[in-house]
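As a plain string of letters, each chain reads:
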Amino acid sequence: QADMAMYWAKQNGRDNAKFFQPHMAKEVTSHFQKEQEVQKALDCDQFYLVFQPQIDTRSGAVFGFEALIRWQHPEKGLIGPMDFVPLAEESNLICRIGEWVLEKTLQTQVNWLESGITATPIAVNISGRHFISEGFLAFITDLLKRYEVPGNLIKIEITEGVFIHDMALCIEIMAGLKALGVEISVDDFGTGYSSLHYLKRLPLDTLKIDKSFVCEIGDQAEGDKICEAVVQLAQNLELNVIAEGVETSQQAEVLNQLGCYLHQGYYYDRPLSETAARVILKAQQSHTDIRVS
Ligand code: C2E
Ligand code: MG
Ligand code: MG
Ligand code: MG
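Within every chain, residues take consecutive numbers counted from 1 along the sequence as written. For this description, chains carry letters from A and ligands carry numbers from 1, given in the order in which they are written. Residue-level local features of this predicted model are given only where pLDDT is at least 70; pairs of side-chain atoms are given and counted only at 80 or more, and the full residue set underlies all totals for whole chains, interfaces and linings. Hydrogens and water molecules were not included; the side-chain quantities draw on all heavy atoms of the structure.

### Quick word on the side chain of E66
Phase 1: Secondary structure counts use DSSP, requiring at least four H or I residues in a row for a helix and at least two E residues in a row for a strand, with both numbered from the N terminus. Among the secondary structure elements, E66 is positioned in strand β2 (residues 61-73).
Phase 2: Partly exposed describes any residue whose relative accessible area lies between the buried limit of under 20% and the exposed limit of over 50%, with all areas from a 1.4 Å probe on protein chains only and scaled to the type maximum. Taking relative accessible area as the criterion, E66 reaches 4% and is therefore assigned buried.
Phase 3: Engagement of the side chain of E66 in a polar contact is seen with the side chain of N125, the distance being 2.8 Å.
Phase 4: Residues are treated as being in contact if the distance between any of their heavy atoms lies within 4.5 Å. With near-sequence residues (within four places) excluded, E66 lies in contact with V50, F51, Q52, Q54, A123, N125, E157, D187, K208 and Q264. Pairing of N or O atoms within 3.5 Å defines a polar contact, subject to two protein rules: one partner must be a possible hydrogen donor and the other a possible acceptor, and residues neighboring in sequence count only if both atoms are side-chain atoms.

### Some words on the coordination of the magnesium ion (ligand 2)
Phase 1: The protein atoms donating to the magnesium ion (ligand 2) are E66 (OE), N125 (OD1), E157 (OE) and D187 (OD), with metal-donor distances spanning 2.0 to 2.2 Å.
Phase 2: Excluding water, the donors of a metal are its N, O and S neighbours within 2.8 Å, or within 3.2 Å for Na, K and Ca, and that exclusion means sites may look incomplete. Site description for the magnesium ion (ligand 2): donor spacing in sequence, E-x58-N-x31-E-x29-D.
Phase 3: The distance between the magnesium ion (ligand 2) and the magnesium ion (ligand 3) comes to 4.2 Å, and D187 binds to both of them. Within this pair, whereas E157 is found in strand β5 (residues 154-159), its partner D187 is found in strand β6 (residues 183-189), the two being separated by 30 residues in sequence. Taken as a pair, E157 and D187 share a single burial class, namely buried.

### Focus on the packing of helix α6 (residues 136-147) against helix α7 (residues 167-180)
Phase 1: Orientation is described by lines fitted to C-alpha atoms, with helices fitted over the stretch in contact, and by angles between N-to-C directions that extend from 0 to 180 degrees. Where α6 meets α7, the axes come as close as 10 Å, and the angle between the chain directions of the two elements is 10°. Regarding the angle of α6 to α7, the classification is roughly parallel. Residue-level contacts link F136, L137, I140, T141 and L144 of α6 to I173, G176, L177 and L180 of α7. For classification purposes, angles smaller than 35 degrees are called roughly parallel, those larger than 145 roughly antiparallel, those between 65 and 115 roughly perpendicular, and all remaining angles oblique.

### Some points on the packing of helix α4 (residues 93-114) against α6
Phase 1: Look at α4 against α6: their axes get within 10 Å of each other, and the N-to-C directions meet at 20°. Of the possible angle classes, the one that applies to α4 and α6 is roughly parallel. As for how α4 packs across α6, the hand of that crossing is right-handed. Packed against α4, whose contacting residues are E99, L102, E103, L106, Q107 and V110, the element α6 presents F136, F139, I140, L143, L144, R146 and Y147 at the interface. Two helices cross in a left-handed way if the nearer one is turned anticlockwise from the farther one by less than a right angle. They cross in a right-handed way if the turn is clockwise.

### Comments concerning unusual backbone geometry
Phase 1: Unusually for a residue other than glycine, E148 sits at a positive phi of about 55°.
Phase 2: Among the secondary structure elements, E148 is positioned in the loop between α6 and β5.
Phase 3: Here E238, not a glycine, exhibits a phi torsion of approximately 55°, which is positive.
Phase 4: In this fold, E238 is placed in the loop between α10 (221-236) and β8 (240-244).
Phase 5: What makes E238 exposed here is its relative accessible area of 74%.

### Quick notes on α4
Side chains three or four residues apart in an α-helix point the same way, a direct result of the helix having 3.6 residues per turn.
Phase 1: Between the first and last C-alpha of α4 there are 32 Å, a value that for 22 residues agrees with the 32 Å anticipated at 1.5 Å per step.
Phase 2: One or two residues past the end of α4 sits G116, with phi positive at roughly 80°. Working rule for helices: expected span equals 1.5 Å times residues minus one.

### Here we look at the confidence of the model for the chain
Phase 1: The quantity called pLDDT is the predictor's confidence in a given residue, expressed from 0 to 100. Scored by pLDDT, the chain has a mean of 90; 87% of the residues are at 70 or more.
Phase 2: Confidence over residues 4-9 falls short of pLDDT 50; this stretch has 13 contacts with residues more than four positions distant or in other chains.
Phase 3: Contacts from residues 12-17, a stretch scored under 50 in pLDDT, to residues over four places away or in other chains number zero contacts.
Phase 4: The ipTM value of the predicted complex is 0.98, and its pTM value is 0.91.

### Let's talk about α6
Phase 1: An ideal rise of 1.5 Å per residue puts 16 Å on 12 residues; α6 measures up with 17 Å between its terminal C-alpha atoms.
Phase 2: Taken together, the buried positions of α6 are F136, F139, I140, L143, L144 and Y147. Viewed end-on, α6 has its buried residues packed into an arc of 125°, placing them on one side of the element. For α6, exposure combined with an orientation more than 90 degrees from the buried face picks out A138 and K145.
Phase 3: Where α6 is buried, its residues touch α4, α5 (128-131), β5 and α7.
Phase 4: Positive phi appears at E148, one or two residues downstream of α6, with a value of about 55°. To be clear, the arc concerns the directions from the helix axis to the C-beta atoms.

In structure tokens form, the structure reads like this:
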């Protein structure tokens, strides 16, 4: 109870200090319980990854995947990341989740390579808190060594929010990742805080146009305009640009006309099981083999 009272006081800020009342216990308990449940999910292997293909529309080929986390809860059933990632981001739990995702992704890469599949990168979402935490770079370095997987088989997706924390630290970590061959994408681009100043100074590889802009294509002229602006910005800064949340042929067509050929979305594929993702790669490979021979 003492812990809880302190926790509650902290959550409400010092200036706003209130006395702990018994009725407050319920809210605090459920927060603690949720954190404990997430910890338990990690310990009991209740998480799994799904993989959404990323398509190069010029060739029609899958050039990569994004790994997305899912939680198979023993009582509550399937839980999506929006229902536990924000909570986990309030503590270092998000770092444990990020480490789990990275390790699972490398295991998947090893499985794919061992079954003779052409090397295909997998992008992983890393929370800003984890990205700038001590030991992040060392963890990735060690993991790549341990699994003997080249760094260019994983990509890191981060959101713009992380840049405002500590520019110098971000640059240092990104440079370290670069040295390992790990590429960096800015996720949900356009929804955050990045100024052009940040973008120019950071060693980034890819901008991902947020799906809120992609879904406005055709609907409203602004949707097209924002996508166009991001594509031009990426071209000027010599960055790749991926559109996420592509759901219709019209959106795909407009994006192609704007010069954005890397797409991800339900129009092409939903996030898939590891097996289904592997089948797609195998099929693509045998198709290429036939064409070549
Ligand atoms: P995100 O990284 O921007 O991922 C894209 C989200 O859009 C995914 O939702 C994906 O399933 C969904 N999506 C893909 N194509 C379409 C489409 O055509 N239409 C629509 N409406 N949605 C589409 P999901 O899997 O629910 O993930 C939501 C967010 O949760 C992610 O957004 C990411 O911020 C976070 N997240 C997911 N997995 C992880 C993870 O392993 N670690 C961390 N830290 N965050 C994660
Ligand atoms: Mg992402
Ligand atoms: Mg996104
Ligand atoms: Mg997002």
